[in-house]
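If you want the building blocks of each chain, they are given just below.
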Amino acid sequence: MRNHTRKGIPKKVWISLVMCILMLALASCGKNESGTTIVLTTGMTKDEIFRIDDKKCLLPEIMIYLVNTQNQYERVYGEEIWQTEFEGMTLEENIKEMVLARMAQIKTLNLLAESKNITLNASEINKVEQAAEEYYQSLNETEREVLHVEPELLEQMYAEYALAQKVYYSIIGDIDMEISDDEARTITVQHIWIKTFAMDGRGEKIPYTEQAKEAAYARAEEILAMANSGEYSFESLIAQYSDDSESTYSFRKGEMEAVFEEAAFNLGNDEISGIVEGKHGYHIIKCISTFNREETDSNKLLIVEERKKEVFSEEYDVFVDTLTRKLNEEAWSEVSFVHEEAVTTNSFFDVYERWFPVEKE
């Protein structure tokens, strides 16, 4: 069993449509995680990074995203952050892959918008134009030259961003956002586990014989009697008898083995269960806390996000499977961060969020 203790999620996070769906099936242009046909090719113009069906992503688009992300990180963590490595990749390489995935998601969602006949209305188009103008005016001459930024390109990018968001909300619009306290509540328990298996030389579980299992149950009965006698603390019994290296678990419904969970959620504070037979042993459970307001409210947000991902993925993944994606490996390999003193732009996403604020639940 794993420790399922949950921490409260931050009240304010960097929210955007594409970041919300980065964990879905389409993780990057170079990976086939959902059956999409992928072709790596050099038969593309030198400034064309990738193509998804008839949607192209050009180098200036990638660079606007990449440099803004780079400068956002440097603003918070400093330039030394790029010395960090994660899973054998430098952080710069990780950020590049994230930006590529973002752009791929947006282009894909715009294709989905076409298939669903979803378009921007006059008011949204006006906001796109205003956002593009605001961001363009924030750039100095060096930034415009280095990033090859033109007002028309910014209008296209903001329009695609807004349309992607609109498609997303059209798909998740009917999700039930009402989560009950009971569905979301986290409980905290301690337990004593008496295992009913042994390990062979290859590290595989071998179930106990019936005789050995009966002996384990008799041991559990003795421990339960001691727990109910009041003469021993539950903690001391855990330390002496439990086969689990973990003693305390915090979890909500749907996260633990069903029989363990059912028994635990039926306990009141400080109550001790009977012997609960799980897949790999016998449990004696003591409830430490049946309800935590902060944890419950945090869980409600998590459950809503899980529902969004599930509903969105059902439609999105099917659509992705119909697409052909082409990556210009040579052009992509040459993309890198910009290290010029005058190139400090980091407000592309902030400008978008001012004109297209995230919908409140």
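Look a little higher up for the structure.
Only a predicted model underlies this, so the values are computations on that prediction, with no experimental measurement involved. For every chain, the first residue of the written sequence is number 1, and numbering continues from 1 onward in sequence order. In keeping with the predicted nature of the model, local features appear solely for residues at pLDDT of at least 70, side-chain atom pairs appear and are counted solely at 80 or more, and the whole-chain, interface and lining totals rest on all residues. Only hydrogens and water are set aside when side-chain values are computed; all heavy atoms of the structure are taken into account.

**A word on the overall build of the chain**
This is how the line gets drawn: Here a strand is any run of E in DSSP of at least two residues, a helix any run of H or I of at least four, and the numbering for each starts at the N terminus. To sort residues, take the accessible area from a 1.4 Å probe on protein chains only and compare it with the maximum for the residue type: under 20% means buried, over 50% means exposed, and anything in between is partly exposed. Areas reported as accessible are Shrake-Rupley estimates using a 1.4 Å probe. Residue values count occlusion only from the protein chains shown.
Tallying secondary structure elements over the chain gives 13 helices and 12 strands in all. Relative to its full complement of 361 residues, the chain shows a buried share of 46%. For the chain, the exposed area adds up to about 19100 Å²; of that, 48% sits on carbon and sulfur atoms.

**A closer look at the pairing of strand β12 (residues 324-327)**
To keep things clear, this is the line we draw: Pairing between two strands is assigned when DSSP locates at least 2 bridges connecting them.
Side-chain alternation along β12 places Arg325 and Leu327 on a buried face and Thr324 and Lys326 on a face that remains uncovered. Relative to β12, strand β2 (residues 48-52) runs antiparallel, the two sharing 3 bridges. Counted as the bridge partner of Phe50 is Leu327 from β12.

**Some points on the pattern of salt bridges**
Cut-off, in case you're wondering: Whenever Lys or Arg places a side-chain nitrogen within 4 Å of a carboxyl oxygen from Asp or Glu, that contact is recorded as a salt bridge.
Under the counting rule described, the total for this entry stands at 20 salt bridges. Glu183 is paired through a salt bridge with Arg307; the nearest N and O atoms lie 3.0 Å apart. Residue Glu183 is located in helix α7 (residues 181-184), and its partner Arg307 is located in helix α11 (residues 293-320); the two are separated by 124 residues in the primary sequence. Under the relative-accessibility criterion, Glu183 is labelled partly exposed at 29%. One continuous salt-bridge network, built from bridges that share partners, spans Asp181, Arg293, Asp297 and Lys300.

**Quick look at the packing of helix α4 (residues 122-138) against helix α13 (residues 348-355)**
To keep things clear, this is the line we draw: Comment: axis = line fitted to C-alpha atoms, over the contacting stretch for helices; angle = value between 0 and 180 degrees taken between N-to-C directions. Handedness of a crossing follows from how the near helix is turned relative to the far one, being left-handed for an anticlockwise turn of less than a right angle and right-handed for a clockwise one. Contact criterion: two residues are considered in contact whenever any of their non-hydrogen atoms come within 4.5 Å of each other. Ten residue types, Ala, Val, Leu, Ile, Met, Phe, Trp, Tyr, Cys and Pro, are classed as nonpolar, four, Asp, Glu, Lys and Arg, as charged, and the remainder, Gly among them, as polar.
The interhelical angle for the contact between α4 and α13, taken along N-to-C directions, is 145°, at an axis separation of 10 Å. For the pair α4 and α13, the sense of crossing is right-handed. Residues Lys127, Gln130, Ala131, Glu134 and Tyr135 of α4 form the contact with α13, whose own contacting residues are Phe348, Val351, Arg354 and Trp355. Considering only residue class, the contact of α4 with α13 consists of 5 nonpolar, 1 polar and 3 charged.

**Concerning the environment of Ser242**
Convention followed: N or O atoms within 3.5 Å of each other form a polar contact, as long as, within protein, one can give a hydrogen and the other can take it, and as long as residues adjacent in sequence are counted only when both atoms are side-chain atoms.
Its location among the elements puts Ser242 in the loop between α9 (234-241) and β9 (248-251). C-alpha separation for the pair Ser242 and His283, spaced 41 residues apart in sequence, amounts to 9.1 Å. Excluding its chain neighbours within four sequence positions, the residues that come into contact with Ser242 are His191, Ile192, Trp193 and Leu237. One polar contact links the side chain of Ser242 to the main-chain amide nitrogen of Trp193, over a distance of 3.1 Å.

**A look at a negative patch on the surface**
What counts here: Within the patch definition used here, like charges are joined within 9 Å and nonpolar side chains (Val, Leu, Ile, Met, Phe, Trp, Tyr) within 5 Å, considering only residues with over 30% relative accessible area and no salt bridge. Neither His nor the chain ends contribute to the count of charged residues, in which Lys and Arg are positive and Asp and Glu negative. Where a charge lies is defined by one atom per residue type: Lys uses NZ, Arg uses CZ, Asp uses CG and Glu uses CD.
Taken together, the side chains of Glu129, Glu133, Glu150, Glu152 and Glu155 present a region of like negative charge at the surface. Residue assignment for the negative patch shows that the elements contributing at least two residues are α4 and α6 (151-172). Looking at where Glu133 falls in the secondary structure, it is placed in helix α4.

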